[in-house]
Amino acid sequence: MTVSLKNRKLPTQAIGAKIFHWINIISILIMLTSGLQIYNANPVFGGRAGLHIPAIFTLGGWLAGGRHWHFAAMWLFSLNLLWYGIYVLIARRWRSRFVGVNDLKALQKSHNPKRLTYAWHRIVYTSIIPILLLAVFTGIGMYKPAQFYWIVDMFGDWQALRIVHFATVPIVILFTIVHFILGRKAGGVELTESMFW
Amino acid sequence: MNMNLYKHQITRRQLLQSGLTGVSLLLGGCGTPLFEDLVGKISEPLNQKFEGLIFQPEKPVPEFSVNEIEPEALIVNSYRYNPIIDTTRYRLVVDGEVNNPLNISMAEIQTLPLTEMIIRHVCVEGWAAIVQWGGVRLQDIIALAQPKSSVKYAYFKSADGYYSSWDIASVLHPQTILAYQKNGQTLPIENGAPLRLASPIKLGYKQSKWVTQITLVSYLSPFRGYWEDQGYEWFAGL
């Protein structure tokens, strides 16, 4: 076992994927914590009488501070997503690095646990991309509801838009945990580390 | 009002009055501000440039129908007290860089064309309410005062001491009105009677209640608004 580990080729990642992961993890952390600070001014569920997020999870100290952090980090977060999207298209990474028909086939036919983990992992990290885009899209609707009134209309009303925007928070947290666990199962600590260093 | 709308500041007096000084300081230390004022000072001018760039000053925001009005959703946020104003003695002053300063009564204001709109009122806190406002277009009042070409901003002063300032393009937007009606009825005192700002293109804290003076100027003083001076965004456009 130790011999095979030593001889195993260490996973390597494209520099683009590393940069994306670094900026994404930092900007999402700022967006989540400052977003929860804004949430506390008038909780989505229950308004002022609703449950407030404990201060330890918030960033900004007060509503204006939360907004400053949120509207600064939104550029970092969304532009990072934008260039990475362009990169994925140009470098044709979408063909080999994201979920494909072969993964779905493997889930039906394969009995190799490694292959199954690999397939599930690709499904999970591919499906977070539309969620991140949804966070940006609903965010634009809440930031500029007069100019992008059609975004608000698409979700029915203001409260529905708020709920969808907020729902991206637990989804992203849950994703991070699952992504971490599946990454470990698929390639161990070497795989996780290869994405950052 | 909601605690977290205000910057967390503990005075010496509060500190001494508090029996649980250590605990409250510890709790106050959570939810870190982490240079939020610095972040705002760097990002806000850039965001404001971007906001000004995408703002369409002539374009009306689509309105709602009468059955979509949410009378219960509009929360009353006032920073001090409700000033009781005798409507018969009320005067609106329009001054500053104008050729024809105004000092007009409610009766005179109500002879101007009535504009009604059903819009979404969006609060900085995150909630929103669909409200019907009725009143005069601010651009009609401004036109009467004959502003000089140098004018770039408007200051709004209120009877309770509240103040705010706007960019002139937003002031002249066709849906920026001085309202004296809410949901088809005379404007209630707590909503800003006799006259308040109403507009779909600015956050609620820009929509001053109990407006008594409009000053048109070519520059902003260090005092830009009650909430703005504490750290909230000045442009606050929607």
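Residues numbered from 1 in each chain as written. Chains lettered and ligands numbered in written order. Predicted model: local features only at pLDDT ≥ 70, side-chain atom pairs only at ≥ 80, totals over all residues. Heavy atoms only, no water.

Trainee: Now, about the pairing of strand β4 (residues 128-137) of chain B: what can you tell me, with residues and values included?
Mentor: Residues and elements named next belong to chain B. Burial within β4 is extensive, with nine of its ten residues counted as buried. In the sheet, strand β3 (residues 115-122) pairs with β4 via eight bridges, with the strands oriented antiparallel. Each bridged residue has a counterpart across the sheet, and for Val122 the counterpart in β4 is Ala128. The turn linking β3 back onto β4 is made up of five residues, and Gly126 within it adopts a positive phi angle of 120°. With five bridges connecting them, β4 and strand β7 (residues 177-182) associate as antiparallel partners. Within the sheet, the bridge partner assigned to Val136 lies in β7 and is Leu178. (Buried < 20%, exposed > 50% of the residue type's maximum accessible area, 1.4 Å probe, protein only. Helix = DSSP H or I, 4+ residues; strand = E, 2+ residues; numbered from the N terminus. Pairing = 2+ DSSP bridges.)

Trainee: Which residues make up the interface of chain A and chain B, and what are the values?
Mentor: Each partner contributes residues to the interface: chain A has 33 residues there, and chain B has 40 residues. For the pair chain A and chain B, the two sides together bury roughly 3,400 Å², of which 57% comes from carbon and sulfur. For chain A, the biggest contributors to the area lost against chain B are Arg48, Trp62 and His68 of chain A; these three give 22% of the whole. Inspection of the region where chain A meets chain B yields three salt bridges. Put simply, Glu233 of chain B and Arg67 of chain A hold a salt bridge, and the shortest N to O gap is 2.7 Å. Seen at the junction of chain A and chain B, the total is 14 residue pairs in polar contact (both at pLDDT 80 or more). Taken together, the elements giving at least two residues each to the side of chain A that touches chain B come down to α2 (15-41), α3 (63-90), α7 (149-154) and α8 (158-194) of chain A. (Contact = heavy atoms within 4.5 Å. Buried area = accessible area lost by both parts, 1.4 Å probe. Salt bridge = Lys/Arg side-chain N within 4 Å of Asp/Glu carboxyl O. Polar contact = N/O pair within 3.5 Å; in protein donor to acceptor, adjacent residues only side chain to side chain.)

Trainee: Account for the nonpolar core, naming residues and giving values.
Mentor: Nonpolar side chains in soluble globular proteins tend to end up buried together. If you look at the biggest cluster of nonpolar residues, it comprises 39 residues, and the most contacted ones within it are Leu63 of chain A together with Val124, Trp133, Leu203, Tyr205, Trp227 and Tyr232 of chain B. Among the secondary structure elements, those contributing two or more residues to this core are α2, α3, α7 and α8 of chain A together with β3, β4 and β7 of chain B. A per-element tally of this core places β4 of chain B first, with four residues. Sequence-distant contacts of Val124 of chain B, that is, excluding residues within four places in its chain, are made with Leu63 and Arg67 of chain A together with Leu203, Tyr205 and Tyr232 of chain B. Counting 29 residues, the second-largest nonpolar core is a separate cluster that includes Tyr39, Trp69 and Val169 of chain A together with Val39 of chain B. (Core = buried A, V, L, I, M, F, W, Y, C linked by side-chain atoms within 4.5 Å.)

Trainee: Could you give an account of the environment of Asn42 of chain A, with specific residues and numbers?
Mentor: Note that Asn42 of chain A resides in the loop between α2 and α3. Exposure remark for Asn42 of chain A: the relative accessible area of 5% places this residue in the buried category. Those residues in contact with Asn42 of chain A that lie beyond four places of it in its chain are Gly47, Arg48 and Arg162 of chain A together with Ile75, Glu125 and Trp127 of chain B.

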